[in-house]
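Structure assessment
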Amino acid sequence: MEKEQLIHEMKFVLIRALFLDISAYLISVFFIGFTLSMALGLVLGTAGMAVNLILLNRSVRNIVRSGGRRAQSRMFSGYIVRLGVMGVIIASAMLIPFINTAGAVIPYFYPNLVYAGNVLLKKGEKTE
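The following refers to the structure shown. (Residues numbered from 1 in each chain as written. Predicted model: local features only at pLDDT ≥ 70, side-chain atom pairs only at ≥ 80, totals over all residues. Heavy atoms only, no water.)

**Remarks on the overall build of the protein**
Across its full length, the protein holds 5 helices and 0 strands. What you see in the protein, going N to C, is helices and strands ordered as α-α-α-α-α. Summarising its shape, the C-alpha atoms of the protein cover approximately 50 × 40 × 20 Å along the three principal directions. For the protein, the residues scored as buried account for 30% of the 128 residues in total. Long-range pairs, those at least 24 residues apart, make up 70% of the contacts in the protein between residues at least 6 apart in sequence. (Helix = DSSP H or I, 4+ residues; strand = E, 2+ residues; numbered from the N terminus. Buried < 20%, exposed > 50% of the residue type's maximum accessible area, 1.4 Å probe, protein only. Contact = heavy atoms within 4.5 Å.)

Following this line, the structure appears as structure tokens:
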């Protein structure tokens, strides 16, 4: 994806992530009450999800530009970097007492929900 496409895609995902964050927070109120730690966890997790999407974009774009040479090893190294970022964020949420760990993990499922929901809602429409 080029820069304009990335910006468009990030807006698409982040707007929906905001609504999913609000929904997750309101659902968590029934279980743990109104807590700042859950809100901070959701914000941290959403930021980590955005970083992962940007890193994925960069990895794929570099492989396509290089002509696909050694694509498998490059994709694997990009995957390891994204897992490392996720690990650092989740470990930080576990170590910092005022950040809810579950709140930091939940946003990593948002891209799956956003894109699956997009496919289901556009099922009857024609594709370009």
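**So, helix 5 (residues 110-121)**
For helix 5, built from 12 residues, the straight-helix expectation of 16 Å at 1.5 Å per residue is met to within 8% by its first-to-last C-alpha distance of 16 Å. Where helix 5 is buried, its residues touch helix 1 (3-32) and helix 2 (36-65). (Expected span 1.5 Å × (residues − 1).)

**Let's talk about helix 3 (residues 71-95)**
Given 3.6 residues per turn, any residue in an α-helix points the same way as the ones three and four places further on. In this model, helix 3 (25 residues) spans 36 Å end to end at C-alpha, consistent with the 36 Å of a helix rising 1.5 Å per residue. Among all positions of helix 3, only Gly-78, Arg-82, Ile-89, Ile-90 and Ala-93 are buried.

**Examining the nonpolar core**
Core analysis: the largest hydrophobic core is formed by 15 residues, its most contacted members being Met-10, Val-13, Tyr-25, Leu-42, Met-49, Leu-53 and Tyr-110. Elements with a contribution of two residues or more to this core: helix 1, helix 2 and helix 5. Of the residues forming this core, the biggest block, 8 residues, is contributed by helix 1. Apart from the residues within four sequence positions on either side, Met-10 is in contact with Ala-50, Leu-53 and Ile-54. (Core = buried A, V, L, I, M, F, W, Y, C linked by side-chain atoms within 4.5 Å.)

**Observations concerning the packing of aromatic side chains**
This model, assessed by the stated rule, comprises 2 aromatic pairs. Aromatic side chains Tyr-25 and Phe-34 sit 6.3 Å apart centroid to centroid with 50° between the ring planes, which places their arrangement in the tilted category. Judged by relative accessible area, Phe-34 falls into the exposed class, the value being 65%. (Phe/Tyr/Trp six-rings, centres within 6.5 Å; stacked < 30°, edge-to-face > 60°.)

**Thoughts on the side chain of Thr-46**
Among the secondary structure elements, Thr-46 is positioned in helix 2. Excluding its chain neighbours within four sequence positions, the residues that come into contact with Thr-46 are Leu-14, Ala-17, Asp-21, Pro-107 and Tyr-110.

**Some words on the side chain of Arg-82**
Tracing the chain through its elements places Arg-82 in helix 3. No salt bridge is formed by the buried Arg-82; its nearest oppositely charged neighbour, Glu-9, is found at 15 Å. (Lys, Arg positive; Asp, Glu negative; His and termini not counted. Salt bridge = Lys/Arg side-chain N within 4 Å of Asp/Glu carboxyl O.)

So, to be careful, I would describe these as geometric facts and stop short of saying anything about function.
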